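Working through the structure, step by step
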Amino acid sequence: MPDHDPPAFLRLPDLALRTLGGAVVHANDESFAERENLVRPGAAAFDPSAFGHKGKVYDGWETRRRRTPGHDHAIVRLGIPGVVRGVVVDTSWFTGNYPPEVSVEAAGVEGYPGADALAAAEWTTLVPRSPVRGDAANPFPVADPHRYTHVRLSIYPDGGVARFRVHGEPVADPRFLVTEGLDLAALENGGGVAGCSDQFYSSPANLIAPGLTRNMGEGWENARRRGPGNDWVELCLAAHGEVRLLELDTSYFLFNAPGAARVAGCDESAADPADPAAWFPLLERTALLPDTRHRFAVADPRPATRLRLEVFPDGGMARLRAYGRPSAAGRARLWLRWLNTLPETQLRAALAAAGASEAGAAAVLAARPVARWAALPADVAGRLATAG
């Protein structure tokens, strides 16, 4: 039987977790072991025989032995901003090299600041300088009621930490909650790649694959550009509609992310995509950070059927999301493509499940391929309109 119950905050999600988009965006030192290990999922591992050119290999963050005054620190950008209810500074496997004391601060900042901007941010103490044990999970409850985007772990004076957990309650930014939001570019929703300047290392189709990436190889990466110009990808949207929120995700691209990106749209039902004048801006050229999920609300949404992502001058991107609302015409074309491509048996079953009559299903089968929504039998069109 344990001597005491675990802290209640451990039941809350870890807002800093790598798989939720968390990242260690800065550390003043990582001489022995990489800062990124702090937010990896799962418990830290240990191999007593593993040594490298920098010494003992640790599954954690470890700094050099400090010979000057001061202390070391790492800044974590939360994958999901929220109210922090408790943190765990896990020193597993660090026995003669753990920091004897730590502190934790937090900041709430707009946008995607770099290290210099974060250094100048207003930081609030969540955990004052406190002692910790080696080779142990050190929990600290937090009482601060505010929503934060970044957390800073300081260690005194140096040493190693295996994992840093930041448990709390997510608080969404309503500016990014797109009403009736559908990822119009997603492969699983019917989006596709229309063209690409370069796919030397990996396919641009990875940009619109489901889920978050697990490593750099699951994104799109071009070759290093040695000449003028920049790289780009053109996408066909799943449906004609207005893109209202863009997500440009550079996760796992640390030293080969683009320096900047731009996104444009085109409505090929009204203009020729081959004409440069047909494209309109959705996101003006904007600086990007490595290893970051960037979200941008589109200031002037316009109907589009295609997107063009440009990266400057080159570099890798993990995912591109284009959330918005299909137009009535776009939604109708989705339904028609679905109806025209279903095998006969499945079509009859699907329309029956929607409440359409057998005669309506037979009429659709006889008329396929159906080119216009108005050509659908009235009972089929009515049932499908209420279904979606």
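Now for a description of the structure that goes with this document. As the structure is a prediction and not an experimental result, all values here were calculated from the model.

Among the secondary structure elements, G108 is positioned in the loop between β6 (101-107) and α1 (115-119). Taking the relative accessible area as the measure of exposure, G108 reaches 52% and is therefore exposed. Counting along the chain gives 38 residues from G108 to H146, while the straight-line C-alpha distance between them is 8.6 Å. Sequence-distant contacts of G108, defined by excluding residues within four places in its chain, comprise R147, Y148 and T149.

Take unusual backbone geometry next. Here the amide bond leading from Y156 into P157 is cis, since omega sits at -10°, within 30 degrees of zero. As for its placement among the helices and strands, P157 is situated in the loop between β9 (147-156) and β10 (160-161). R368 connects to P369 through a cis peptide bond whose omega is -5°. Considering the arrangement of structural elements, one finds P369 in the loop between α4 (358-367) and α5 (378-387). A positive phi is found at Y252, a non-glycine position, where the angle reads about 75°. Among the residues examined, Y252 registers a relative accessible area of 26% and is labelled partly exposed. Located in the positive-phi region is D291, a residue other than glycine, with phi close to 50°.

For the rest of this paragraph, the subject is the pairing of β6. Of all 7 residues making up β6, 6 are buried, and the element is well covered by its neighbours. Sheet topology note: the β6/strand β7 (residues 124-131) ladder contains 5 bridges and is antiparallel. When the bridges of β7 are listed, A106 appears paired with T124. Relative to β9, β6 runs antiparallel, the two sharing 7 bridges. When the sheet's bridge partners are listed, V102 is paired in β9 with I155.

Here the focus is the environment of Y58. Position of Y58 among the secondary structure elements: in the loop between β3 (55-56) and β4 (61-62). Residue Y58 is classed as buried on the basis of its relative accessible area of 15%. In the structure, Y58 is positioned 192 residues away from T250 in sequence and 26 Å away in space, judged by C-alpha atoms. Beyond its immediate stretch of four places on either side in the chain, Y58 contacts A33, N37, F46, W93, F94 and N97.

It is worth spelling out the packing of helix α3 (residues 344-353) against α4 at this point. Contact geometry for α3 and α4: axes closest at 9 Å, N-to-C directions at 140°. With respect to each other, α3 and α4 are oriented oblique. For the pair α3 and α4, the crossing hand works out as right-handed. Residue-level inspection shows E344, L347, R348 and L351 of α3 in contact with α4, the latter providing E358, A361, A362, V364 and L365. Here the residues of the contact of α3 with α4 sort into 6 nonpolar, no polar and 3 charged.

Turning next to α4. Restricting attention to buried positions, one finds in α4 the residues G360, A361, V364 and L365. End-on view of α4: buried residues confined to an arc of 140°, all on one side of the axis. Turned more than 90 degrees off the buried face of α4, the exposed positions are E358, A359 and A366. Looking at the buried side of α4, the elements it contacts are α3 and α5.

As a further point, take the pattern of salt bridges. The full count for this structure, using the stated rule, is 22 salt bridges. Between R18 and D291 there is a salt bridge, and its shortest N-O distance comes to 2.7 Å. Here D291 lies in the loop between β16 (280-287) and β17 (293-297) and R18 lies in the segment before β1 (23-27), a separation of 273 residues in the sequence. Comparing R18 with D291, the two get one shared label, buried. Taking the shortest distance from any N to any O, the salt bridge between D59 and R163 comes out at 2.9 Å. Remark: R163 occurs in strand β11 (residues 163-170) and D59 occurs in the loop between β3 and β4; sequence separation between them is 104 residues. Taken together, the shared-partner salt bridges connect E234, E268, R306 and R308 into one network.

What follows covers the nonpolar core. Counting residues in hydrophobic clusters, the biggest one holds 28 residues, and the most contacted among them are L153 and F164. In terms of residue count, strand β5 (residues 72-90) provides more of this core than any other element does, 6 residues in total. Here F164 is in contact with D14, L38, V39, V76, V87, V88, V89, V104, V151 and L153, once residues within four sequence places are set aside.

Within this structure, the stated rule accounts for 6 aromatic pairs. For the ring pair F46 and W93, a centre distance of 4.9 Å and an interplane angle of 10° mean the geometry is stacked. With a gap of 47 residues between them, F46 in the loop between β1 and β2 (51-52) and W93 in the loop between β5 and β6 connect regions that are remote in the sequence. Both rings, one in W335 and one in W338, keep their centres 5.5 Å apart while their planes meet at 75°; by these two values the pair is edge-to-face. With W335 and W338 both in helix α2 (residues 328-341) and 3 residues apart, this pair spans about one turn of that helix. Owing to a relative accessible area of 33%, W338 belongs among the partly exposed residues under this scheme. Across from the ring centre of Y252, 4.1 Å away, lies the NZ or CZ of R18, which sits over that ring. Just above the ring of F280 sits the side chain of R302; from NZ or CZ to the centre is 4.0 Å.

Parameters and conventions
- Residues numbered from 1 in each chain as written.
- Predicted model: local features only at pLDDT ≥ 70, side-chain atom pairs only at ≥ 80, totals over all residues.
- Heavy atoms only, no water.
- Helix = DSSP H or I, 4+ residues; strand = E, 2+ residues; numbered from the N terminus.
- Buried < 20%, exposed > 50% of the residue type's maximum accessible area, 1.4 Å probe, protein only.
- Contact = heavy atoms within 4.5 Å.
- Pairing = 2+ DSSP bridges.
- Axes fitted to C-alpha atoms, helices over the stretch in contact; angles between N-to-C directions.
- Parallel < 35°, antiparallel > 145°, perpendicular 65-115°, else oblique.
- Left-handed = near helix turned anticlockwise from the far one by under 90°.
- Nonpolar A, V, L, I, M, F, W, Y, C, P; charged D, E, K, R; others polar.
- Arc of directions from axis to C-beta.
- Salt bridge = Lys/Arg side-chain N within 4 Å of Asp/Glu carboxyl O.
- Core = buried A, V, L, I, M, F, W, Y, C linked by side-chain atoms within 4.5 Å.
- Phe/Tyr/Trp six-rings, centres within 6.5 Å; stacked < 30°, edge-to-face > 60°.
- Lys NZ or Arg CZ within 6 Å of the ring centre and 35° of its normal.

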